[in-house]
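Okay, here's what each chain looks like letter by letter:
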Amino acid sequence: MTAATATTAETFRPALHYAARSTWLNDPNGLIFHEGVFHLYYQNNPLDNVWGNMSWGHATSPDLITWTEHAVAIACDEDEDIFSGSIVFDRENTSGFGTDSAPPLVAVYTSAFKSGSAHSGLQAQSLAYSRDGGYTWTKHTANPVLNRGSAEFRDPKVIRYTGDAGSYWVMVAVEATDFQAVLYKSYDLKNWELLSAFGPANATGGVWECPDLFPLPVDGDPNTLRWVLTVNLNPGGPNNGSAGQYFVGDFDGTTFTSATTVTEGLQDPDRLGEYQWLDWGRDYYAAVSFSDAPGGRRLMIAWMNNWEYANHIPTSPWRSPMTLAREVSLHTIDGKPRLIQRAAGDFASLSGPARTFSLADTEISDGTRILDGAAGSVQRIDITLAPGSATEFGLIVRGNGDQGTRIGIRPTQGALIVDRRDSGQTDFHETFASIDTAPIRTRDGSYELSIYVDHCSVEVFAQDGQVTMTELIFPAPTSTGLAVYASGGTATITSLHVTQYA
Ligand code: FRU
């Protein structure tokens, strides 16, 4: 690679998000807060910047914004690739991998067995343990610990269940091509007993992958807990390709019962918009939550990419960032339990004083208005907009007159849009340039958006996190302009506040 291309490509390196130094990554794995540190493991190709040689990479952060990359944690070998999974702190040393005074971390991962190995072609669940707080890992000698003779059984997320039924480990994994989440129980992480299966339900337009299961208080009331089952699927998302859906219901220690199932069995393509999505954008996949997050918070990170074009995005030598960490909570909206999401990192940790720009009560008339003094390439934008006569209105971020990403509202369609057709480099894959939509309604007559813009992404949290859209963009480094626009009429900016991070 020439120095010039290296420099160009590095202009996309995110400031607010994790990306590996020089290699490929996909799903976040083994997210855990342990001994004061957030650990992010991830599907990693240690040798290249396309998918392959799947191993677990490793990074840590004190604040979910600044990350330090470490040595590969669990490496593939001649028998197996190390697919996605999770990590638990085995406090009572139920596994016996540590001691009572020095309990271990235990990783539960999918062994994707290679041809020529003893379990050639199968996917089964295996263990590795760490006695040094997550920095070095040893594979269990009796792997795999859970093998059901399936070639599509993967992505175990293990949680500690304590409830009416007792106290034990619960694993949720997928039978990917059956569109099922399967639940198992164990007392020692080594012996697993089948509890139940959930699905197919709601979206089944692609394989089910990377599930999660966790309880959350409803409307902040600790006495009213409901359980959330998240399932990622690929393809079949609301704007095509990879995406994550969720169900809210109850878990009695054996069975998850959904209260938000819209369709049972295989999906009804006409009802895709009625299902519950973790994110409506093109680039929010394999979302999974942290174990043991401080303060009982439920924090999630997703892979910010889409299998449709993942191996082609124009970054080098690294490829694929993670999303921001988000805190999810459960609220009753129109009588139904719904996830609300907010960015969770400690942005105060970013170096240098953040610069700001503000505006209030300003009408936008038909056309585009560049906001002098608001330009930037890494920023948080908080805007409240009231509709007028315009058929579409909103913001253009990372613009330069010719290119820019529109983040707008089409009030009569009830749609939030991200239009990245002119967002910068788009021609590396035929499906990348797109206008993507999510359903949105006014709240108190207006639309409120919080948008995080980075060197290669936009993440939109609309209506206080009720609707989110996450999308990659690859603008020229000189495209830093911020503008507001209205088409076919007027709209009003009730308030606008921009915080510049870089
Ligand atoms: C999801 C996924 C998982 C699998 C991993 C392999 O993106 O396909 O199901 O464990 O990636 O890298």
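Residues numbered from 1 in each chain as written. Predicted model: local features only at pLDDT ≥ 70, side-chain atom pairs only at ≥ 80, totals over all residues. Heavy atoms only, no water.

Attention now goes to the site of the ligand. Lining the immediate surroundings of the ligand are Asn-26, Asp-27, Gln-43, Trp-51, Met-54, Phe-83, Ser-84, Arg-154, Asp-155, Glu-209, Tyr-285 and Trp-307. Take Gln-43: an N or O atom from its side chain is 2.7 Å from an oxygen atom of the ligand. Residue Trp-307 places a side-chain N or O atom 2.9 Å away from an oxygen atom belonging to the ligand. Within the complex, the protein chains bury 95% of what would otherwise be the 320 Å² of accessible surface of the ligand. Mapped by element, the contributors of at least two residues to the shell around the ligand are strand S1 (24-34), strand S5 (80-89) and strand S9 (153-163). (Near = heavy atom within 4 Å. Polar contact = N/O pair within 3.5 Å; in protein donor to acceptor, adjacent residues only side chain to side chain. Areas by Shrake-Rupley, 256 points an atom, 1.4 Å probe, with all protein chains shown as cover. Helix = DSSP H or I, 4+ residues; strand = E, 2+ residues; numbered from the N terminus.)

With antiparallel pairing, 4 strands are arranged side by side in an open sheet as S9-S10-S11-S12. Unpaired on one side and paired on the other, S9 and strand S12 (193-198) mark the two borders of the sheet. On average, each strand axis in the sheet is tilted by 25° relative to the strand beside it, whichever way the strands run. (Pairing = 2+ DSSP bridges. Axes fitted to C-alpha atoms, helices over the stretch in contact; angles between N-to-C directions.)

Below, the discussion takes up the domain arrangement of the protein. Along its sequence, the protein is carved into domain 1 (17-343) and domain 2 (352-500). For domain 1 and domain 2, the distance between their C-alpha centroids amounts to 31 Å. Facing the 29 residues of domain 1 at the interface are 28 residues of domain 2. Counting the surface lost from both domain 1 and domain 2, the interface buries some 2400 Å², and carbon and sulfur atoms represent 55% of this. It is Trp-280, Arg-282 and Pro-314 that lose the most area in domain 1 upon contact with domain 2, and together they represent 22% of the buried surface on that side. Put simply, domain 1 and domain 2 have 4 salt bridges between them. Here Arg-326 ties to Glu-459 by a salt bridge, and the two come within 4.0 Å at their closest N and O atoms. It is strand S20 (residues 336-343) that provides the largest number of residues to the side of domain 1 that touches domain 2, a total of 5 residues. The residue inventory of the side of domain 1 that touches domain 2, partitioned by class, reads 14 nonpolar, 8 polar and 7 charged. (Domains from an automatic or database assignment. Contact = heavy atoms within 4.5 Å. Buried area = accessible area lost by both parts, 1.4 Å probe. Salt bridge = Lys/Arg side-chain N within 4 Å of Asp/Glu carboxyl O. Nonpolar A, V, L, I, M, F, W, Y, C, P; charged D, E, K, R; others polar.)

What follows deals with unusual backbone geometry. For residues that are not glycine, phi is negative in most cases, and the peptide bond is trans in most cases. Residue Pro-200 follows Gly-199 across a cis peptide bond; omega there is 0°. Relative to the assigned elements, Pro-200 resides in the loop between S12 and strand S13 (207-218). At the junction of Ser-316 and Pro-317, the peptide bond is cis and its omega measures out at 0° in the coordinates. Positionally, Pro-317 belongs in the loop between strand S18 (299-303) and strand S19 (326-333).

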